[in-house]
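Examining the three-dimensional arrangement
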Amino acid sequence: MEVDAQFVRDVVGFGGKTLRKCYQCATCSVICPQSPEENPFPRKEMIWAQWGLKEKLIGDADLWLCHQCNDCSEYCPRGAKPGEVLGAVRAKVIQELAFPSFFAKILLRPYGLVVYLAIPVILTLIYMALVNPQVPEGEIVIGNFIPQLHVELAGFAVGGWALLVAAIGAYRFWNAVNSDVSKIYEYRLGENAELEVVRASPRFIECLFWSVIDVLKHSRFAECGTSRYRFFAHFMIFWGFIILGIATLGDIVYIYGFGVEELALPLSDPVKILGNLGAILLIFGSGWVIVARFANEKVGYGTYFDWIFLSTIFAVGLTGVGVEALRYAGSTAAYYMYLVHLVLVFSLVAYAPYSKFAHWVYRTLAYTWAKSVGREPQK
Ligand code: SF4
Ligand code: SF4
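Note that the coordinates shown come from a computational prediction; the quantities given were computed from them, not determined experimentally. (Residues numbered from 1 in each chain as written. Chains lettered and ligands numbered in written order. Predicted model: local features only at pLDDT ≥ 70, side-chain atom pairs only at ≥ 80, totals over all residues.)

This next bit is on the overall build of the protein chain. A count of helices and strands for the protein chain gives 16 helices and two strands. For the protein chain, the C-alpha radius of gyration of 22 Å lies close to 21 Å, the compact-globule estimate for 379 residues. By the burial criterion, 40% of the 379 residues in the protein chain qualify as buried. Restricting to contacts in the protein chain with at least 6 residues of sequence separation, those with at least 24 account for 75%. (Helix = DSSP H or I, 4+ residues; strand = E, 2+ residues; numbered from the N terminus. Rg over C-alpha atoms; globule rule 2.2 N^0.38 Å. Buried ≥ 20, exposed ≤ 12 C-beta atoms within 10 Å, placed from the backbone. Contact = placed C-beta atoms within 7 Å.)

See the structure below:
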């Protein structure tokens with residue numbers, strides 16, 4: 001087992017600076033509504049993080065069963081904020097699992113904000129220089145400024161990249177979770193009172209299916225108490241994305257199924273209603289978390305990692321609605337707002353495997369692992 005001092009420094013740098021206050025009383029593990037009775041968390045993660053046991057934390061599915069509700073932080077007698085520390089460890093683990101890792105290292109630092117914005121801005125400027133789109137006169141028609149086909153091709157390229165990197169991360173994570181180094185719950189008492197090794201069962205598909213249902217319903221998140229608002233806000237953001245995804249599929253059906261060339265749909269169109277509902281959920285969900293983060297000092301204000309993700313979601317929702325409002329108002333500012341919106345959407349999608357977005361993949365796999373070895377929350 002190797003101690004990695006840099007890992008500890010990075011966790012502290014990602015917002016886990018209260019880590020060293022922990023004196024292992026285990027109050028947090030008793031309080032945590034997500035923790036199983038056997039080998040509970042987050043006490044063990046706190047000491048692993050203090051010692052810099054990187055490999056153990058990378059392969060620790062429990063890390064992703066935590067929803068950062070901060071019930072534990074509320075009761076920690078040392079103010080070690082284990083909920084926040086685990087959030088910082090997850091940021092570090094995302095960095096370790098991402099491909100290429102040097103890119104993740106740049107993006108996850110505050111100075112990486114320059115790169116975060118510079119890449120989509122430079123790509124947009126290159127596009128503008130090559131295609132030279134002109135702001136059209138008269139009625140506001142976004143497709144006359146930047147053709148729908150160009151947006152779709154860019155979407156496929158960026159989305160494909162994000163999926164590829166996410167798949168590599170998922171593969172690395174699953175291997176790490178199933179490696180020998182990751183197990184602290186490696187043995188259990190078998191039927192004949194003999195110790196047997198706990199392994200993920202072959203019921204992967206079945207466990208994955210029920211994990212996805214849990215994620216859709218947020219049933220485990222609903223157990224958390226202290227930051228109850230996070231359950232509702234997270235639910236809104238999550239379903240905001242799902243609904244926007246459905247609306248995008250509706251757009252594709254309109255274009256390729258019905259030959260609609262310009263998607264200036266009326267407000268009463270079902271696809272438009274879904275699109276607006278998704279955007280409103282994103283804005284209110286992310287706005288709620290942003291405001292609430294300032295209101296509870298005890299559980300922590302969050303980290304750069306949280307803030308860049310939340311801010312991007314909020315800005316994507318706001319600019320999306322802004323484009324629509326300006327279009328209805330007949331203002332050519334809609335075209336410029338659209339460019340800003342595209343830059344933000346690029347950042348959200350292309351950097352998803354390096355950002356907090358990645359928790360969707362890792363948490364779903366951690367649920368799957370937990371189900372497959374019968375690791376359920378304590379009663
Ligand atoms: S994080 Fe706090 S509650 Fe948990 S073991 Fe450490 S000191 Fe105790
Ligand atoms: S933040 Fe919530 S889910 Fe995470 S360890 Fe603390 S109590 Fe458990």
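What follows is about the site of ligand 2. Taken together, 17 residues lie around ligand 2, and C32, C66, C69, C72 and G83 are the ones closest in. Listing elements by their share of the shell around ligand 2, those giving two or more residues are α6 (71-75) and α7 (82-97). Element by element, the count of residues in the shell around ligand 2 is highest for α7, at three residues. Residue composition of the shell around ligand 2, by class: 10 nonpolar, six polar and one charged. (Near = placed C-beta within 6 Å. Nonpolar A, V, L, I, M, F, W, Y, C, P; charged D, E, K, R; others polar.)

What follows covers the packing of helix α12 (residues 228-257) against helix α13 (residues 270-295). Where α12 meets α13, the axes come as close as 7 Å, and the angle between the chain directions of the two elements is 155 degrees. As far as their axial angle goes, α13 and α12 are roughly antiparallel. For the element pair α12 and α13, the recorded crossing hand is left-handed. Looking at the contact of α12 with α13 residue by residue, the class counts come to 20 nonpolar, six polar and two charged. (Axes fitted to C-alpha atoms, helices over the stretch in contact; angles between N-to-C directions. Parallel < 35°, antiparallel > 145°, perpendicular 65-115°, else oblique. Left-handed = near helix turned anticlockwise from the far one by under 90°.)

The next subject is the domain arrangement of the protein chain. Along its sequence, the protein chain is carved into domain 1 (5-99) and domain 2 (102-366). In this structure, domain 1 and domain 2 have C-alpha centres spaced 25 Å apart. Each partner contributes to the interface: domain 1 provides 33 residues, whereas domain 2 provides 36 residues. Those elements that provide at least two residues to the side of domain 1 that touches domain 2 are α4 (54-58), α5 (62-65), α6 and α7. Considering every element that reaches the side of domain 1 that touches domain 2, the biggest residue donor is α7, with nine residues. Across the side of domain 1 that touches domain 2, the residue classes break down as 13 nonpolar, 10 polar and 10 charged. (Domains from an automatic or database assignment.)

Attention shifts here to the site of ligand 1. Inspection of the region around ligand 1 gives 13 residues, with C22, C25, T27, C28 and C76 positioned closest. Mapped by element, the contributors of at least two residues to the shell around ligand 1 are α2 (27-31) and α3 (43-51). When its residues are assigned to classes, the shell around ligand 1 shows nine nonpolar, two polar and two charged.

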